[in-house]
Amino acid sequence: MSFLTDVISSLRFPCVDTVKLLLRCGASVTVLDADRNTPLHTLCSTLQTAAIRMTDNDVNSIVKDLTEIFIDAGIHLDAVNADGLKASQVCVQNLVGTFIRGYETKAINLKCLAARCIALHRVPYKDELPRHLEKFVQLHCAEKF
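None of these values were measured; they are calculated from a predicted model. Throughout this description, residue numbers start from 1 for each chain and increase along the sequence as written. With pLDDT at 70 or above as the cut-off, local features in this predicted model cover only qualifying residues; side-chain atom pairs require 80 or more to be listed or tallied, and sums for whole chains, interfaces and linings still use all residues. Water and hydrogen atoms play no part in the side-chain values, which are based on all heavy atoms of the structure.

**Details of the overall build of the chain**
Only DSSP runs of H or I with at least four residues qualify as helices, and only runs of E with at least two residues qualify as strands; both kinds are numbered from the N terminus onward. Secondary structure assignment for the chain yields seven helices and zero strands. Ordered by position from the N terminus, the helices and strands of the chain form the series α-α-α-α-α-α-α. Looking at the 145 residues of the chain, the share that counts as buried comes to 36%. By definition, residues are in contact when any of their heavy atoms lie within 4.5 Å. Long-range contacts, defined here as pairs at least 24 residues apart, represent 67% of the contacts in the chain between residues at least 6 apart. Only protein chains enter the accessibility calculation, which uses a 1.4 Å probe. A residue is then buried if its area is under 20% of the maximum for its type, exposed if over 50%, and partly exposed in between.

**Some points on the packing of aromatic side chains**
Centre distance within 6.5 Å is the pairing criterion for rings of Phe, Tyr and Trp, where only the six-membered ring of Trp is used; planes under 30 degrees apart are then read as stacked, over 60 as edge-to-face, and the remainder as tilted. Under the criterion given, the structure shown has one aromatic pair. Definition used: whenever NZ (Lys) or CZ (Arg) falls within 6 Å of the ring centre and also within 35 degrees of the ring normal, the charge is taken to sit over that ring. The ring of Tyr103 has Lys106 lying over it, and the distance from NZ or CZ to the ring centre is 5.1 Å. In this structure, Lys111 is placed above the aromatic ring of Phe136, and the distance from its NZ or CZ to the ring centre is 4.6 Å.

**Regarding the environment of Leu23**
Structurally, Leu23 is set in helix 2 (residues 16-24). Owing to a relative accessible area of 24%, Leu23 belongs among the partly exposed residues under this scheme. Along the backbone, Leu23 and Phe70 are 47 residues apart, and their C-alpha atoms lie at a distance of 9.2 Å. If near-sequence neighbours (up to four positions away) are discounted, Leu23 is found in contact with Val29, Ile69 and Ala73.

**Here's the deal with unusual backbone geometry**
The phi dihedral of Arg36 is positive, around 65°, even though this residue is not glycine. Relative to the elements of secondary structure, Arg36 occurs in the loop between helix 2 and helix 3 (39-51). Judged by its relative accessible area of 10%, Arg36 is buried. Notably, Asp127 is not glycine yet its phi reads approximately 65°, a positive angle. Relative to the helices and strands, Asp127 resides in the loop between helix 6 (110-120) and helix 7 (131-139). You can call Asp127 exposed: its relative accessible area is 71%.

Listed below in structure tokens is the structure:
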């Protein structure tokens, strides 16, 4: 029990190794909480408390590593939460938001752009698209369904 306690107490949020472990165990980067926040939204919005005990270089390194891990695992950087905000828009640190916006422009694809256009222009798509595409549009849309 002491070993486990030592390991748990040595973990600090955010922890790149813990994220890797969770992903290997089957955790999904596309999971949403009650406010439709992705794991990247949560990282960006809670980073301020964790950053107090880290240097700027450490924060940037961790955010870079986690963003790349999330991208490799299939996260959509342009997914919006219930308030219609992307993860880069909920960042409590401007530098991190700017960094993630740089990835957004590199990682955007035609499917995401189409979903955002459907959401932006409020094109009716319910029961017009296959279920899996409806969920994809919802990921890029601020409306709750």
